[in-house]
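# Fold and contact review
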Amino acid sequence: MICTAAAGALNASFQVAPGGNAYSAAVEVADGTTYGFWDVGPLGERIPRTVSNVSLRGTCGNCSFNWVDPYTMNFTKGNYTVLYSGGILENHLQGSFDKPYRVSITLPPGLYVRNPVLGMRSPGSVVRENGTSLEIGWNATRSFELRYYSPEREELLLVFGALWLVGLVLVLVPYLLERRGRGKGP
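A quick note: this is a predicted structure, and the numbers were derived from the prediction, not measured. (Residues numbered from 1 in each chain as written. Predicted model: local features only at pLDDT ≥ 70, side-chain atom pairs only at ≥ 80, totals over all residues. Heavy atoms only, no water.)

## Quick look at the overall build of the protein chain
Looking only at helices and strands, one finds 1 helix and 12 strands in the protein chain. Taken from N to C terminus, the helices and strands of the protein chain fall in the order β-β-β-β-β-β-β-β-β-β-β-β-α. Relative to a compact globule of 186 residues, whose C-alpha radius of gyration would be 16 Å, the protein chain shows 24 Å and is clearly more extended. Taking all 186 residues of the protein chain together, 36% fall into the buried category. The long-range share in the protein chain, meaning contacts at least 24 apart out of those at least 6 apart in sequence, stands at 69%. Here the protein chain displays about 11,400 Å² of accessible surface, and carbon together with sulfur accounts for 57% of that area. Measuring between centres, the 16 positive side-chain charges of the protein chain sit 8 Å from its 14 negative side-chain charges. (Helix = DSSP H or I, 4+ residues; strand = E, 2+ residues; numbered from the N terminus. Rg over C-alpha atoms; globule rule 2.2 N^0.38 Å. Buried < 20%, exposed > 50% of the residue type's maximum accessible area, 1.4 Å probe, protein only. Contact = heavy atoms within 4.5 Å. Areas by Shrake-Rupley, 256 points an atom, 1.4 Å probe, with all protein chains shown as cover. Lys, Arg positive; Asp, Glu negative; His and termini not counted. Charge placed at Lys NZ, Arg CZ, Asp CG, Glu CD.)

## Concerning the nonpolar core
By size, the foremost hydrophobic cluster in this structure holds 35 residues, and its most contacted members are Phe14, Tyr35, Tyr84, Phe97, Val103, Ile105 and Leu107. In this view, Tyr35 contacts Val27, Val29, Tyr71, Thr72, Met73, Phe75, Val82, Tyr84 and Phe97; residues no more than four positions away in its chain are not counted. (Core = buried A, V, L, I, M, F, W, Y, C linked by side-chain atoms within 4.5 Å.)

## Re the packing of aromatic side chains
Going through the model one piece at a time under the given rule, you end up with 14 aromatic pairs. With 5.1 Å between their ring centres and 50 degrees between their planes, Phe14 and Phe144 make a pair best called tilted. Residue Phe14 is found in strand E1 (residues 10–16), and its partner Phe144 is found in strand E12 (residues 133–147); the two are separated by 130 residues along the sequence. Accessibility assignment for this pair places Phe14 and Phe144 in one class, buried. Taking 5.5 Å as the distance between ring centres and 85 degrees as the angle between the ring planes, the aromatic pair formed by Phe65 and Trp67 counts as edge-to-face. Three or more aromatic residues link up through ring pairs in this structure, and these residues are Phe14, Tyr23, Tyr35, Phe37, Phe65, Trp67, Tyr84, Phe97, Tyr101, Trp138 and Phe144. If you follow Arg46 out to its NZ or CZ, it ends over the ring of Trp38, 4.0 Å from the centre. (Phe/Tyr/Trp six-rings, centres within 6.5 Å; stacked < 30°, edge-to-face > 60°. Lys NZ or Arg CZ within 6 Å of the ring centre and 35° of its normal.)

## Here's the deal with the pairing of strand E8 (residues 72–87)
Inspection of the sheet shows strand E2 (residues 22–36) paired to E8 by 12 bridges, in the antiparallel sense. What sits directly across from Tyr23, in E8, is Gly86. Taken together, the 5 bridges between strand E5 (residues 51–58) and E8 define a ladder with antiparallel strand orientation. Considered in E8, the bridge of Ser55 is made with Leu83. Relative to E8, strand E7 (residues 66–69) runs antiparallel, the two being bridged by 3 bridges. Looking at E8, one finds that Trp67 is bridged to Met73. (Pairing = 2+ DSSP bridges.)

## Focus: the pairing of strand E11 (residues 126–130)
In terms of strand pairing, E11 meets E12 through 5 bridges, oriented antiparallel. Among the inter-strand pairings, Glu129 is bridged to a residue of E12, identified as Leu134. In textbook terms, the turn of a hairpin is the stretch between consecutive antiparallel strands, and for E11 and E12 this stretch comprises 2 residues, one of which, Gly131, has a positive phi near 70 degrees.

## With respect to the state of the cysteines
Under the counting rule described, the total for this entry stands at 1 disulfide. There is a disulfide in this structure between Cys60 and Cys63, and the S-S distance comes to 1.6 Å. Taking the sign of the torsion about the S-S bond as the criterion, the disulfide between Cys60 and Cys63, at about 125 degrees, is right-handed. (Disulfide = S-S within 2.5 Å.)

## So, the environment of Pro108
Position of Pro108 relative to the elements: it lies in the loop between strand E9 (92–107) and strand E10 (120–121). Its relative accessible area of 9% is what places Pro108 among the buried residues. For the pair Pro108 and Gly20, spaced 88 residues apart in sequence, the C-alpha to C-alpha distance is 7.9 Å. Here Pro108 is in contact with Val16, Ala17, Pro18 and Ser133, once residues within four sequence places are set aside.

What follows is the structure, encoded as structure tokens:
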């Protein structure tokens, strides 16, 4: 994949692996010299993101780079695509950028985001079905967050909801019958 400088937002694409425990990414860098692998914590702090299989592609093909530290790479100024892979914990994928990006995340068959109780997407996302997979996209965002789930979790939610309703009926019906009986009087 060769990076091209975008007129507006740059592109970042993430492909979630079957099972949802890992991803591969391709992120464009325009006129840059460094790229860091960081997440943003709840207080805005930088949290290192462990990645593997890092490569840099550009007009030079597979381009060379150096590591400044374990989470930051540097290279000759230019336009590139940074390719890497990483792990996903608890079906939760997030990222942040220093400028607006067009982000697309492809979920394999069997992973979903539409149920708001189980899944979550940061604002501005659009969900499209692409054959058997789902593609979630943001047009120009500096950060994204996605939590997805499997059909088994949705079934567990339905079972929990059904059990909760049955318990509510078992408690509420005797109470209402007793109250109704008291209201008639002798």
